Every structure is written in C-alpha cells, then in structure tokens.
Amino acid sequence: MVQKDAQIRLVHSMECAGRVEIYHNNIWGTVCDDGWDFNDAEVVCRELGCGAALHASNSAHFGPGTGRIWLSGVDCSGSEISLSECKHSGFGNNNCEHSQDAGVLCSGILPKPRISLNPAGEVNWGQDVSINCSISADLLGGTFILMKASGSFRETQTSSTNSATFNILKVNFDDEGSYRCQFEKSILIKKLTSPLSDSVRLSVAAASLPKPSISMNPAGEVNWGQDVGITCSISTQLLGGTFILQKTSGSFRENQTSSTNSATFNVHRVDFDKEGLYQCQYQTMISGLDFRSPLSNSVRLSISVHLQKPSISLTSPDGGLVLSPEASQVTRGSSFVITCSINSSYPDGHFFLIFSGSSITSKSAVDHSASFNFPVAEYKHQGNYSCVYEVTLSTRKFNSTETESISVVIKLSLVLLVSAAVKILLLLLVPVLSVVFLICRKRRRQLDI
C-alpha cells in the first residue's frame, strides 16, 4: 500500500545514520527488522538524500523507539523512491517489539569537510602556515587527511574532536599549491571516508628581506692608519647568505658570506682613499631564486691626522756649550747641533728649522728625528730656534704646531780673550821699547867719544 503522505526520518545523534521512523496518521513509529536488508536501507538513504547505504542494522542498534511500530516485513527491490512504496505487511500489522527496531547507516553520514588557511591569502616565504580541516557532524574521533592536488604530499592526523590543524613551518615555493581535506572514521566495523573538501590555495610570495643595519667601530672620526671594523647585520631567519659592503661613490665593493645574521668587514690602516659613506646589502638564494635586501642606511668614515708638538734640543760636540734658563751660550768658533724629534705613528716626514721667525732649512726625518749641524759658531747664528714637522699622507700635507723656541747666544772663548789681551799689550809696549832702545844707543855713542 502506497501512502503518499508518508514521511521518514532517522533518529540518532548523527545525520544519515540512526533508527528508521516513518510518519503515518500523524504519528511517528518505528520499522521492525523482520526481513530488513541492504535493499531496504538503500531506499531509505536515497529518500533522505544521504547517499548510498552502507549498512542495514537490526535489533535496535541505534536504540529502541517508543510508541507505534508501523511497518514489518519490508521487502524493497532497492529501486523505490520511498520506503512506503516497498512491499510490507501493512501499517501497524506486526507482532514485533521495539528491541527489533531497524536502522540504517548511509554514506552521507560523513559530510564534505571544510578547509581553511591561516593566514589567508598570499603568505611570505619562510612564514609559518596552518591549514584547518573540520567536519560538521557530531562524529568525534577520526582521522583527517590533508593532501595536495598535485604531487605525493599527504599527511594524516588523528583527532578526538571534529577538527584538526596541520602546521606547515617555514613555507617555501615547494609548498605552493592547492590543498584538500578528507575525513575517515570507522563506524559499525566499517571504515567510512568523507568526500573531499573544497580546495584552498597556498601561494608563497617572494621573501621580503628587511633593510640591514650598519655600524662602525670605532664610531666617529678615526686617525689615519688606524684599523676600522664595519659590521652589517639583518633581522631575518633566512641565514646563510652574503653581505655586501659598498661605498656610495667609487667602485669599492666587498662581499662576505656568513652563516649567521651579521658580518664584520675589517678595513686595515685607513687612509684618505677610504674616506666616505658606506652601505650594506644582504642577498640569499631561496629555492634557486636570488633575493636581495634594500640598502642599509649609511655610515661615514672620516679620517683625521693629529700631529703632536715636536721637541727641540741643542748640543755641542766639542763642548762649547753653556746652558742657562735664559739662553744657551755657544762658544764662537765651536760646533753645535740642533735636533728636532716627534713621537708619531705616521710615516717619516720633514723637519723645518725656524730661525728668528723664518724657515732657514729643512731636513728629512729618520725615525721621526732630524739633526741640523753648525760646524763653526758665528755671531750670525745668534738668535731663537724652533722646529715644525710636516708629513705627507695620500698627497695631503699636514704640519705640526711649532715647538717652544730655544735661544742661542754666541760668546768668545777664554783663550781668544787672553790672546787678544797679549796682542794689545805688545802693541802698547813696542813704542816704549823703541824709545828705550834709542836712548840706550845714544848714551853708548857718547861714551865712545
């Protein structure tokens, strides 16, 4: 008998699985399992839109119902549109108990899972990504499968809830592609597999390298000839690349491969050719592609030259020197030497000897010292002497401050003074002796007469 107003439902906590109940005469009632088989279950699953039948259960597997038992002896061919079209013993005609209530398990019990990507959209190379799979069925405890549309990638994760999260750490271009989920669960000793989820696409953007930082040690102005270190560093997890140090002008460029996030370039004995602005860049190879960071800010390498004030001293090799706080007395005719020296780390340069405010001579320094020799002291050598040091570095000339002056006074020696006195005395005695001689000669003549 066909009941056009018949309705059907499955009673259980799960969709597309449960005790079969049919609506008749405004009352819901159960179906007895007498003759209940797979063909009967096929009709029920199709009528409910739950896909194909997986199992026809009996003996109140999904729990006993209450109230009326409407059908018994159901005999479907499997092609019927509705359970009420199948042969049966008539509504309400049975001697069954609710312990014999029939049930079905349909393939639709496992709906298509949902899939989502976090973060959504395009992600950066090296970023961590999670893919969440979930199923809208109260089927706790199963296995989620994540797979790529192409390739052999396949990961499984057992979950005690209705979702699972797959973490893909430090994504690269090999991880790009479309991903789908599937859910598996064993129910009534049957292993059920859900349809595949929709797909999500994991798109990986080129690695975005931050701008490196740059520092110089020592900072600020440095001395000519000093050693300097320039350090480049970058805040990235993409280690194992190359740092590039370059000047903003000129062709200077140096590379240094580093397994860490920094590299130090040592510039030895800086000179004026190395003065200028320096910048860093970082580059690394990722999945066969070359990535470069922006240029860093710049640091300026400024070079200065600091010459100490030289010292000056006076000596006399033959001892004709008398030192006093006011002036150094040099005996006329003796030799004297003026020595200029400087404590310096720069290359040897030239000393200029200044006499009474004017440069009179210069001499190349040897071990940062030079001596000016005066073999015979004369009055013209009397005056104030001082030194200035000059050095040439990278074609530039640098002069020290002038030393304190030493005063030189030329004096006569005691021997010369005595000799002069004797000469004067002789000059005075010659006329006297001549007069005495004439007088004595005249007297002798008188005696002879």
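Heads up: the structure comes first, above all this text.
Residues numbered from 1 in each chain as written. Predicted model: local features only at pLDDT ≥ 70, side-chain atom pairs only at ≥ 80, totals over all residues. Heavy atoms only, no water.

Q: Please give an account of the overall build of the protein chain that cites residues and values.
A: Counting its regular elements, the protein chain contains two helices and 36 strands. A globule of 449 residues ought to have a C-alpha radius of gyration of about 22 Å, yet the protein chain, at 57 Å, is considerably larger. Its C-alpha atoms give the protein chain principal-axis dimensions of roughly 215 × 35 × 30 Å. Scored against the burial criterion, the 449 residues of the protein chain give a buried share of 42%. A separation of at least 24 residues holds for 64% of the contacts in the protein chain among residues at least 6 apart in sequence. When the accessible surface of the protein chain is split by element, carbon and sulfur atoms take 50% of a total near 24,300 Å². (Helix = DSSP H or I, 4+ residues; strand = E, 2+ residues; numbered from the N terminus. Rg over C-alpha atoms; globule rule 2.2 N^0.38 Å. Buried < 20%, exposed > 50% of the residue type's maximum accessible area, 1.4 Å probe, protein only. Contact = heavy atoms within 4.5 Å. Areas by Shrake-Rupley, 256 points an atom, 1.4 Å probe, with all protein chains shown as cover.)

Q: Kindly report on the environment of Q157, identifying the contributing residues and their values.
A: With respect to the secondary-structure elements, Q157 resides in strand β11 (residues 154-159). Along the chain, Q157 and N93 lie 64 residues apart, while their C-alpha atoms are 50 Å from each other. Contacts of Q157, omitting those with residues within four sequence positions, involve G142, T143, F144, A164, T165 and F166. Of the polar contacts made by the side chain of Q157, one reaches the backbone oxygen of T165; its length is 2.9 Å. (Polar contact = N/O pair within 3.5 Å; in protein donor to acceptor, adjacent residues only side chain to side chain.)

Q: An account of the pattern of salt bridges is requested, with residue identities and associated values reported.
A: Tallying each qualifying case throughout the model produces nine salt bridges. Of the charged contacts in the structure, one is a salt bridge between D271 and K274, with a shortest N-O distance of 3.9 Å. In this structure, the salt-bridge partner of E378 is R332, at a minimum N-O distance of 3.5 Å. Highlighted residues: E378 in the loop between β33 (369-374) and β34 (383-393) and R332 in the loop between β29 (328-331) and β30 (336-341), separated in sequence by 46 residues. Residue class for E378 comes out partly exposed when judged on its relative accessible area of 27%. Linked by salt bridges that have partners in common, R9, R19 and E21 make up one network. (Salt bridge = Lys/Arg side-chain N within 4 Å of Asp/Glu carboxyl O.)

Q: Provide a residue-level description of the layout of surface pockets, including the pertinent values.
A: Over the atoms rolls a probe the size of a water molecule, and its path tells where empty space is left. The space that makes up the largest pocket amounts to roughly 220 Å³. Taken together, twelve residues line the largest pocket, and the ones lying closest to its centre are W125, G126, T236, Q237 and L238. (1 Å grid on protein atoms, 1.4 Å probe; cavity = no way out; pocket = protein on both sides within 12 Å on 5 of 7 lines; lining within 4 Å. Points joined across faces, edges and corners; volume = space filled by probe spheres on them.)

Q: I'd like to hear about the sheet that holds β30, residue by residue, with values.
A: Spatially, β27-β30-β33 is the arrangement adopted by the three strands of the open sheet, whose pairing is antiparallel. Here the strands that pair on one side only, and so sit at the sheet edges, are β27 (311-315) and β33. On average, adjacent strands in this sheet sit at an angle of 15 degrees to one another, irrespective of strand direction. (Pairing = 2+ DSSP bridges. Axes fitted to C-alpha atoms, helices over the stretch in contact; angles between N-to-C directions.)

Q: Just give me the short version of the pairing of strand β6 (residues 103-106), but keep the residues and values in it.
A: Going residue by residue along β6, you find G103 and L105 tucked away on one face and V104 and C106 tucked away on the opposite face as well. As judged from the three bridges shared by strand β2 (residues 17-24) and β6, these two strands associate in the antiparallel manner. When the sheet's bridge partners are listed, G18 is paired in β6 with V104.

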